Amino acid sequence: MTERLSRSDMNCIEDSLLQYADWRGHPFLREEVARFLTYYCKAPAQLDPENVVVLNGCCSVFLALTMVLCDPGEAFLIPTPVYGGFALTSHLYAKVELIHVHLDSEVTDTNTRPFQLTVGKLEQTMLEARLKGKHVRGLLLINPQNPLGDVYSEHALKEYLEFAKRYNLHVIIDEIYMLSVFNESITFHSVLSMESLPDPQRIHVIWGTSKDFGISGFRFGALYTQNKEVASAVSSFGYVHSISGIAQYKLCRLLQDREWIDTVYLPTNRSRLQAAHKYITTNLKALKIPFLNRGSGLYVWINLRKYLDPCTFEQELLLHRRFLENKLLLSRGKSYMCTEPGWFRLIFSDKPLCLKLGMHRFFQTLGEEKQDWTEKQLEDALREQSAS
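Residues numbered from 1 in each chain as written. Predicted model: local features only at pLDDT ≥ 70, side-chain atom pairs only at ≥ 80, totals over all residues. Heavy atoms only, no water.

## Structural notes on the pairing of strand 5 (residues 170–174)
In the case of a regular strand, side chains alternate between the two sheet surfaces.
Piece 1. Within strand 5, five of the five residues are buried, leaving the element largely enclosed by the surrounding structure.
Piece 2. Across the two faces of strand 5 the burial is the same, with H170, I172 and D174 and V171 and I173 all buried.
Piece 3. As defined by bridge partners, strand 4 (residues 136–142) adjoins strand 5 across five bridges and the pair is classed as parallel. By the bridge assignment for strand 5, L141 is matched with I173.
Piece 4. Where strand 5 meets strand 6 (residues 203–208), four bridges bridge the pair, whose relative direction is parallel. Bridging from a neighbouring strand, V171 pairs with I203 of strand 6. (Buried < 20%, exposed > 50% of the residue type's maximum accessible area, 1.4 Å probe, protein only. Helix = DSSP H or I, 4+ residues; strand = E, 2+ residues; numbered from the N terminus. Pairing = 2+ DSSP bridges.)

## Quick notes on the nonpolar core
Piece 1. Among the nonpolar cores identified, the biggest contains 70 residues, and V33, F36, L37, Y160, M178, F213 and F220 are the most heavily contacted of them.
Piece 2. For M178, the contacting residues outside a window of four places in its chain are F36, L37, Y40, C41, P144, F188, W207 and D212.
Piece 3. In terms of nonpolar packing, the next biggest core, distinct from the first, is built from 54 residues, F86, V96, V230 and F291 among them. (Core = buried A, V, L, I, M, F, W, Y, C linked by side-chain atoms within 4.5 Å. Contact = heavy atoms within 4.5 Å.)

## Topic: the sheet that holds strand 8 (residues 299–303)
Piece 1. Strand order in the open sheet formed by three strands is 8-10-9, with antiparallel pairing between adjacent strands. Looking at the sheet topology across the chains shown, the edges are occupied by strand 8 and strand 9 (331–332).
Piece 2. Here two bridges tie strand 9 to strand 10 (residues 343–347), and the two strands are oriented antiparallel to one another. Counterpart to R332 in the pairing with strand 10 is F344.

## What about the packing of helix 9 (residues 245–256) against helix 10 (residues 258–286)?
Piece 1. Contact pair helix 9 / helix 10: the axes reach a minimum separation of 5 Å and the direction vectors enclose 65 degrees. On helix 10, the residues that touch L254, L255 and Q256 of helix 9 are R258, W260 and I261.
Piece 2. Considering only residue class, the contact of helix 9 with helix 10 consists of four nonpolar, one polar and one charged. (Axes fitted to C-alpha atoms, helices over the stretch in contact; angles between N-to-C directions. Nonpolar A, V, L, I, M, F, W, Y, C, P; charged D, E, K, R; others polar.)

## As for the sheet that holds strand 7 (residues 221–225)
Piece 1. Read across the open sheet, the seven strands follow the order 1-7-6-5-4-2-3; overall the sheet is mixed. Single-partner strands in this sheet number two, and they are strand 1 (52–55) and strand 3 (97–102). Strand after strand, the sheet turns through a mean of 25 degrees between neighbouring axes, direction not considered.
Piece 2. As paired strands, strand 2 (residues 75–80) and strand 3 are joined by six bridges and run parallel to one another. Its bridge partner being in strand 3, I78 is matched across the sheet by H100.
Piece 3. Taken strand by strand, helix 5 (residues 119–131) contacts strand 2, strand 3 and strand 4, and its axis lies near 135 degrees from that of strand 3.

## Topic: the side chain of E175
Piece 1. You can see E175 is positioned in the loop between strand 5 and strand 6.
Piece 2. For E175, the side chain forms a polar contact with the main-chain nitrogen of V191, separated by 3.0 Å.
Piece 3. Filtering out sequence-adjacent residues up to four positions away, E175 remains in contact with C41, N143, F188, S190, V191, V205, I206 and W207. (Polar contact = N/O pair within 3.5 Å; in protein donor to acceptor, adjacent residues only side chain to side chain.)

Following this line, the structure appears as structure tokens:
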């Protein structure tokens, strides 16, 4: 990526790039984003650049959408565990409440896989919210999901969208990991690929380059919505959340280079993700640590509850701190609003040497945890023996 961004075609300084741009983003970038999403989302028809708004990051787009779609105190349904950044940004401006649709790891007749999102769970949470007097305005989804890595099937997506239509809900779908599906047996279905949408005026798609292209420093996020009023209202946030003209030019050139993306970048990136995921999961299997094997994203959702005694969020926090003491950062489940203690998100999208060092520290930390646990059990046993 660094080599591609260093090529001569990226170096352009024109007067127009040094001035204030259209709040929606420069027309040349919005046109390229529309072409890019048409191609990679497999849209049935060319997407309209007038439906595109670009701001400085996907969280900025989400924040703007909550301001436009909600009044203070209104709410969005959000399946959890989920990326914690939404909890922060939903309160920054609009004071929007996020009502959790809690998913659990237990497999049952209706829950055929861990943390499965079903319409039944959406219906139940919606009913409970209404009984409490909540005004639910929308549903927020991430596909592929963060931190679970789930990739929703086309059938499941249609069910979620039809649920939203029944209740006149807006749907915000964050597809920021859409090009980071590295398991070749899994097919990603973008909402933009659907021939017909249940309620197209209430469906709003977010995408950016921070994850799929690993350039979070560019601060780029795009909204695609067929609702002209929503697009116009969100674009007003460009006054304080716009991207520099020079960055917009470079992003446009990057997205235009379809040959490099298809023949160099994406194959290389997916191959590296596959190798890193295999290395990490092989080590997890050796330790008999359960994890979700989903084949997408930059992370794996792992279950460390056997290292918690007792299995509480307080012990989860202590294990998290022990990882930090060993210079290892694993995000704990509580940060993702997970209802079950012991789950952690482990990011594996790094170079082999860093992964090797990281796993060494991981083994070391869990070894220390197990040793302390054994010593504690021995002390408790001796104390009981002395008391008797």
